[in-house]
Amino acid sequence: MMKKLSLLIVLGICVMGNIRSWGFLSHRTINQNACLALPQPLFKFYKLHVDYLVNHATDADSRRNMVEGEACKHFIDCDYYEKAAPLDTICKDWKLAVAKYSEDTVLKHGIVPYQCAKMMYWLTKAFEEKNVEKILKLSADLGHYIADAHVPLHTTSNYNGQKTNQHGIHSLWETKIPEHHLSNYPIFISEVNFIRNYPDSIWKAVEESYSLVNKVLFDERNAKEQTPENLQYQFTQKGGRIIKQESAFFIKQYEEKVGLMVQNRMKSAIRMVASSWYTAWILAGEPDLNLKQNPINEIPVPAIEPEESHHH
Ligand SMILES: [Zn+2]
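Residues numbered from 1 in each chain as written. Predicted model: local features only at pLDDT ≥ 70, side-chain atom pairs only at ≥ 80, totals over all residues. Heavy atoms only, no water.

**A few points about the nonpolar core**
Note the cut-off: We call a set of buried residues a nonpolar core when its members are Ala, Val, Leu, Ile, Met, Phe, Trp, Tyr or Cys and they connect through side-chain atoms within 4.5 Å of each other. Categorising residues by exposure relies on relative accessible area from a 1.4 Å probe, with only protein chains included: less than 20% of the type maximum marks a residue as buried, more than 50% marks it as exposed, and the intermediate range marks it as partly exposed. Should any heavy atoms of two residues lie within 4.5 Å, those residues are considered in contact.
Among the nonpolar cores identified, the biggest contains 80 residues, and Tyr46, Phe127, Leu142, Tyr198, Tyr254 and Trp277 are the most heavily contacted of them. Apart from residues no more than four positions distant in its own chain, tyrosine 46 is found in contact with Cys35, Leu38, Leu53, Phe127, Ile135, Ser139 and Trp277.

Have a look at this one:
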C-alpha cells in the first residue's frame, strides 16, 4: 500500500506553481475596496457598478495565455535595468524608453508601469465621452495592473524564486498568504488623492515593490531553515492527482516573518487604484455620470484559469 502511494506521488506529483498575479481573491478585494474609498459623487457611480469591477478584476490574467502581448503588461524586471544604471534613471516615458532601450527589450522585460500610465490616458478619454462601458472595463483592468505593480515579485526576473532555488515563492507570497489570512485583515479605508505626476507615482510604487524583493526571498529561506522538512509541505488529492503544496503551518511561519508586508502592499495598491480612477475623472472635467442607469449588462466571461505561464 505504501509502495503504491509513493509511486502515485512520484507519477502524479505536481508542485503547484500556479503563477498569476496576486490571487484571484486579492485582485477582487483590491478593486472592491478601491470603490468604497472614493469620494462622492464618484463613489455613487462606482458603487452602482461594484459587482462588475470585482467580477472583472482578473480578466487581464485570463487573457494572458490567449492574447499575444498581454503577458508583459503584468510585470517589470527592475533588476535587468539596475544592472546598467541606478533604477531611478530608467526612462519613465514609454517613447523615450523605447528609443533608449529598443522596443523588443522593453517588451521583453515587462511594461507594467508604462501600461498603467497608458491606461490612465484611455480612462480619462472614456470619462470625457461618458462611455460607461469603457469606463468600467478600463477601470477594472487598470485596477489589476496597478495591483500587480505593488507585488515585489512582479518587479524582478527572479519572479518565482527560480534563480535562488525558491520555486513556488510567487504564489506563496501573493496568493497563499492572502487566502489564508485575508479574512483577518482589517477593511482598508484609504485616503484618495489627485495624482499630479502619474508616471512618477506609478514608478514610485514599482520602486517600493522592488526594494522589498530581498526581504521576500530572505524570509522564505529563513522560514524553510526553521521549519522541519516534514512540516513544510502537505499532500492533497485533486482530480485524481496528488498535489504537493506548502502546508498551512509553513505558510503561517512565512507570514510571521514578512509581517505586515503583504497587507501593506495591498493597502497601497487600493489607495493607488482609487486615486487613479479619481484622477482620471478630475482630468476629464468631473463629468456628471448618468446615475439613473442600471448596472451594465454582465457579459459572462468564460472562466478560464490561466495555465502556468512563461513569465509571471
Ligand atoms: Zn496580473
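**So, the pairing of strand S2 (residues 233-238)**
Applied cut-off: Strands pair, by our definition, only if DSSP identifies at least two bridges between them. Strands here mean DSSP runs of E at least two residues long; helices mean DSSP runs of H or I at least four residues long; both are numbered from the N terminus.
Bridge analysis of S2 against strand S3 (residues 241-246) gives six bridges, and the strand direction is antiparallel. Among the inter-strand pairings, threonine 236 is bridged to a residue of S3, identified as isoleucine 243. With antiparallel pairing between neighbouring strands as the criterion, S2 and S3 make up a hairpin whose turn holds two residues, including glycine 239 at a positive phi of roughly 55 degrees.

**Observations regarding the packing of aromatic side chains**
Cut-off, in case you're wondering: Any two rings among Phe, Tyr and Trp, with Trp reduced to its six-membered ring, count as a pair given centres within 6.5 Å; such a pair is stacked if its planes are under 30 degrees apart, edge-to-face if over 60, and tilted if neither. Charge-over-ring placement is defined geometrically: NZ (Lys) or CZ (Arg) within 6 Å of the ring centre, and within 35 degrees of the ring normal.
Tallying each qualifying case throughout the model produces seven aromatic pairs. Taking the centre distance of 5.5 Å and the plane angle of 70 degrees together, the rings of tryptophan 94 and tyrosine 114 count as edge-to-face. Residue tryptophan 94 is found in helix H7 (residues 94-101), and its partner tyrosine 114 is found in helix H9 (residues 112-129); the two are separated by 20 residues along the sequence. The class of tryptophan 94 is partly exposed, set by a relative accessible area of 23%. Between the aromatic rings of tyrosine 278 and tryptophan 281, the centroid separation amounts to 6.3 Å while the plane-to-plane angle is 35 degrees, which identifies the pairing as tilted. Of the two residues, tyrosine 278 and tryptophan 281 both sit in helix H16 (residues 261-283), three residues apart, roughly one turn of that helix. The pair tyrosine 278 / tryptophan 281 is uniform in exposure class, with both members buried. In this structure an aromatic cluster arises from ring pairing among Phe45, Tyr46 and Trp277. The side chain of lysine 118 reaches across the aromatic face of tryptophan 94, ending 4.9 Å from its centre.

So yeah, pure geometry; function would need other evidence.
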